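Report on the structure
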Amino acid sequence: MWILRSLDASLAVTLRLLPGAEKTVGRGTAAGFSIDTPLVSRLHCTLRAAADELVIKDLDSTNGTFVNGRRIQQATLREGDLLRLGGVELVVVRE
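Since the model is a prediction, treat every value here as computed from it, not as a measurement.

The rules we used
Residues numbered from 1 in each chain as written. Predicted model: local features only at pLDDT ≥ 70, side-chain atom pairs only at ≥ 80, totals over all residues. Heavy atoms only, no water. Pairing = 2+ DSSP bridges. Helix = DSSP H or I, 4+ residues; strand = E, 2+ residues; numbered from the N terminus. Buried < 20%, exposed > 50% of the residue type's maximum accessible area, 1.4 Å probe, protein only. Contact = heavy atoms within 4.5 Å.

Thoughts on the sheet that holds strand 5 (residues 45-49)
On the basis of which strands lie adjacent, the open sheet formed by 5 strands has the order 4-3-5-6-9 and mixed pairing. Each having just a single partner strand, strand 4 (33-34) and strand 9 (74-77) make up the two edges of the open sheet. Relative to strand 9, strand 6 (residues 54-58) runs antiparallel, the two sharing 4 bridges. Note that in strand 9 the partner of Lys 57 across the bridge is Gln 74.

Description of the environment of Val 88
Relative to the helices and strands, Val 88 resides in strand 11 (residues 88-94). Overall, Val 88 belongs to the buried group, its relative accessible area being 2%. Counting along the chain gives 51 residues from Val 88 to Thr 37, while the straight-line C-alpha distance between them is 8.1 Å. In contact with Val 88, other than residues within four places in its own chain, are Leu 11, Ile 35, Thr 37, Val 40 and Leu 83.

Observations concerning unusual backbone geometry
The backbone phi angle of Asp 60 is positive, close to 55°, even though this residue is not glycine. As for its position among the elements, Asp 60 is in the loop between strand 6 and strand 7 (65-67). You will see that Asn 68, though not glycine, has its phi angle at about 50°, which is positive. Along the chain, Asn 68 turns up in the loop between strand 7 and strand 8 (70-72).

Here it is in structure tokens:
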């Protein structure tokens, strides 16, 4: 299982993905995972989980998707990576 957990204690965001899952992330109601903050696009990105990797793809979000400080269109996430969606920072954990 892959877990993305917010670093900001005042914003309790935890996203959990089992291998084989694919979810959209955004602030809109159509998103599989909802993060209701102004800088996150309605459909911001997708996450695709496999047993050995977690792939993120930006969905042409306004404020971008960043992995370890670098703006990406698509990337493979590793344990310990920092993901930023708008103003939300998440750390990647594998259990």
